[in-house]
Amino acid sequence: MSQILVTGGAGFLGSHLCDRLVEQQQDVVCADNFFTGDKANIRHLIGNNNFELIRHDVTFPLYIEVDRIFNLACPASPVHYQHDPVQTTKTSVHGAINMLGLAKRVKARILQASTSEVYGDPAVHPQTEDYWGHVNPIGVRSCYDEGKRCAETLFFDYWRQHALEIKVVRIFNTYGPRMQPHDGRVVSNFIVQALRGEPITLYGDGTQTRSFCYVDDLIDGMLKMMDSSRDFVGPVNLGNPFEFSMLELATKVLAITQSKSKLVFMPLPQDDPRQRQPSIDLAKAQLNWTPKVMLDDGLRETVAYFRQRLA
Ligand code: NAD
Ligand code: UDP
């Protein structure tokens, strides 16, 4: 049994990760400042002997003894990370420095939840890990994109300079139960709008693409990466390679919810990437990982969750 720290553990992905680790009888410490996290996501774990919750902001140092760290703390939705952009950069950069410092002191293995956003609005398609990206350093998404890029830099320098055991995963759009209804990301927006009979808000002409991974698949990949051999540090893409336009996504959500909501077209946010699709050859080869859940099946699960939650 290991002592495992999950930062951002009360968030969407973090809470699913905590569930899986507790199921494996690991000893889990969840640290979260509840900026976008929700106690409801982890309430069922409180009282479990394998689970401990601490309110903590990763921009401040943390002194605990652990064997492994999953560093997920950071708002992920553009609406949330643009709300306080300076704090977003601090969370990625100061947060990484603090968690890497902790890992160095206690000799823990540490995994960084990086993102497909490090590729920016990609000129290479699908995105492979050796692509350096096309990122605006001064735009409204930069606090997140550049913060995450700098965090990757810090991880690799701690690895080269201090021989720290690092793991870096680049997560592509992931969805599923426990996203917040007001999260602002496209899957939760469309489902909530469809269930409420409100207009479906398509930004731009809806032809921009994303590739959506169901949360259970993503957590499998993250756990496999953490358990992989010491010399495989990444970065490795984790995502579902099936690519859809936002118009196709809206059509699927309308069909699954049997909603009569109308589509409305709204201005495209600044620097919104045109297309995004992971190459997952590296994850297949190194981790023997492939996502299994098709978009329609994952959407059905997510719709069922939101139906219950909105009721
Ligand atoms: P989320 O917003 O649901 O979760 C983030 C969690 O971090 C929340 O619980 C929030 O309260 C916490 N947090 C934020 N700032 C903090 C701070 N300074 N100190 C402590 N806790 C803090 O988002 P998510 O979708 O669960 O994303 C989790 C991680 O995965 C993030 O690092 C995100 O960048 C990364 N990621 C997610 C996706 C995705 O599609 N879900 C894609 C790429 C990367
Ligand atoms: N999007 C949209 N309507 C919404 C929310 C988002 O059309 O109500 C679009 C957005 O412009 C982007 C895509 O959906 O092209 C994915 O947006 P999201 O915020 O989920 O993630 P990201 O842009 O970070 O991949």
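Reading the values: rules and limits
Residues numbered from 1 in each chain as written. Chains lettered and ligands numbered in written order. Predicted model: local features only at pLDDT ≥ 70, side-chain atom pairs only at ≥ 80, totals over all residues. Heavy atoms only, no water. Helix = DSSP H or I, 4+ residues; strand = E, 2+ residues; numbered from the N terminus. Buried < 20%, exposed > 50% of the residue type's maximum accessible area, 1.4 Å probe, protein only. Areas by Shrake-Rupley, 256 points an atom, 1.4 Å probe, with all protein chains shown as cover. Lys, Arg positive; Asp, Glu negative; His and termini not counted. Charge placed at Lys NZ, Arg CZ, Asp CG, Glu CD. Polar contact = N/O pair within 3.5 Å; in protein donor to acceptor, adjacent residues only side chain to side chain. Contact = heavy atoms within 4.5 Å. Pairing = 2+ DSSP bridges. Right-handed = clockwise from strand over helix to strand, strands pointing away. Core = buried A, V, L, I, M, F, W, Y, C linked by side-chain atoms within 4.5 Å. Near = heavy atom within 4 Å. Expected span 1.5 Å × (residues − 1). Salt bridge = Lys/Arg side-chain N within 4 Å of Asp/Glu carboxyl O. Phe/Tyr/Trp six-rings, centres within 6.5 Å; stacked < 30°, edge-to-face > 60°.

Engineer: How should the overall build of the chain be read in this particular structure?
Structural biologist: Along its length, the chain carries nine helices and 13 strands. Its C-alpha atoms give the chain principal-axis dimensions of about 55 × 45 × 40 Å. Across the 311 residues that make up the chain, the buried fraction comes to 58%. Accessible area for the chain stands at about 13500 Å²; split by element, carbon and sulfur atoms hold 52% of it. Charge-centre separation for the chain: the mean point of 32 positive side chains lies 2 Å from the mean point of 35 negative side chains.

Engineer: Help me understand the side chain of Arg109 in this model?
Structural biologist: For Arg109, the position within the fold is in strand β5 (residues 109–115). Arg109 sits in the buried class, given a relative accessible area of 11%. A distance of 2.8 Å separates the side chain of Arg109 from the backbone oxygen of Ser228, its partner in a polar contact. Those residues within four positions of Arg109 in sequence are excluded, and the remaining contacts are Asp67, Arg68, Ile69, Glu165, Lys167, Met226, Asp227, Ser228, Ser229 and Arg230.

Engineer: Please clarify how the pairing of strand β2 (residues 27–32) should be interpreted in this entry.
Structural biologist: Both faces of the sheet carry side chains from a regular strand, because those side chains alternate between them. Among the six residues that make up β2, six are buried, leaving the element largely enclosed by the rest of the structure. Alternating residues of β2 divide into Asp27, Val29 and Ala31 and Val28, Cys30 and Asp32, and every residue in both groups is buried. In the sheet, strand β1 (residues 3–7) pairs with β2 via five bridges, with the strands oriented parallel. Each residue of the ladder has a partner; that of Leu5, found in β2, is Val29. Crossover connection from β1 via helix α1 (residues 12–23) to parallel β2: handedness right-handed. Relative to strand β3 (residues 51–55), β2 is paired through five bridges, and the arrangement is parallel.

Engineer: Whenever I open this one, the nonpolar core confuses me. Can you help?
Structural biologist: One broad trend across soluble globular proteins is that nonpolar side chains are buried collectively. Leu17, Phe70, Met222, Leu249 and Leu299 are the most contacted members of the largest nonpolar core, which totals 59 residues. The element contributing the most residues to this core is helix α6 (residues 215–227), with seven residues. Core analysis: the next-biggest nonpolar cluster, separate from the first, contains 27 residues, Val29, Leu62, Ala96 and Val233 among them.

Engineer: Got a minute to help me understand the site of ligand 1 in this structure?
Structural biologist: Around ligand 1, 30 residues are found, and the nearest of them are Leu13, Asp32, Thr36, Tyr144 and Thr174. Within the contact set of ligand 1, a nitrogen atom lies 3.0 Å away from a backbone nitrogen or oxygen of Val58. Arg185 is positioned with one of its side-chain polar atoms (N or O) 2.9 Å from an oxygen atom of ligand 1. Relative to its unbound accessible area of 810 Å², ligand 1 is 97% covered by the protein chains. Among the elements of the structure, α1, α3 (85–106), β5 and α4 (142–162) are those that each provide at least two residues to the shell around ligand 1.

Engineer: Before we go on, may I ask you to explain α6 in this structure?
Structural biologist: Helical geometry note: an α-helix holds 3.6 residues per turn, so side chains three or four residues apart project in the same direction. Look at α6: 19 Å from first C-alpha to last across 13 residues, which is about the 18 Å you get at 1.5 Å a residue. Within α6, burial applies to Val215, Asp217, Leu218, Ile219, Gly221, Met222, Leu223, Met225 and Met226.

Engineer: Please explain the pattern of salt bridges as it appears in this structure.
Structural biologist: Pairing between side chains becomes possible if they bear opposite charge and their charged atoms approach one another. Counted according to the given criterion, the structure contains 17 salt bridges. Here Arg160 and Asp157 are joined by a salt bridge, their closest N and O atoms 3.0 Å apart. Of the two residues, Arg160 and Asp157 both sit in helix α4, three residues apart, roughly one turn of that helix. By relative accessible area, Asp157 is classed as partly exposed at 32%. One salt bridge connects Asp183 with Arg185, and the closest N-O pair in it is separated by 2.7 Å. In the salt-bridge network here, residues are joined through shared partners; they are Glu117, Arg141, Arg210, Asp272 and Arg276.

Engineer: Whenever I open this one, the environment of Gln26 confuses me. Can you help?
Structural biologist: Structurally, Gln26 can be placed in the loop between α1 and β2. For Gln26, a relative accessible area of 15% translates into the label buried. Once the C-alpha coordinates of Gln26 and Asn49 are considered, the two residues, 23 residues apart in sequence, prove to be 10.0 Å apart. A distance of 3.0 Å separates a polar atom in the side chain of Gln26 from the backbone nitrogen of Ser2.

Engineer: Just to check I follow, could you spell out the packing of aromatic side chains for this structure?
Structural biologist: To describe a pair of aromatic rings, you give the distance between the ring centres and the angle between the ring planes. In total, this model carries seven aromatic pairs according to the counting rule given. Relative to Tyr144, the ring of Tyr81 lies with its centre 4.3 Å away and its plane at 5°, an arrangement referred to as stacked. Here Tyr81 is found in helix α2 (residues 78–81), whereas its partner Tyr144 is found in helix α4, with 63 residues between them in sequence. A relative accessible area of 1% places Tyr81 in the buried class.

Fair warning: the whole summary comes from geometry, so function is off the table for now.
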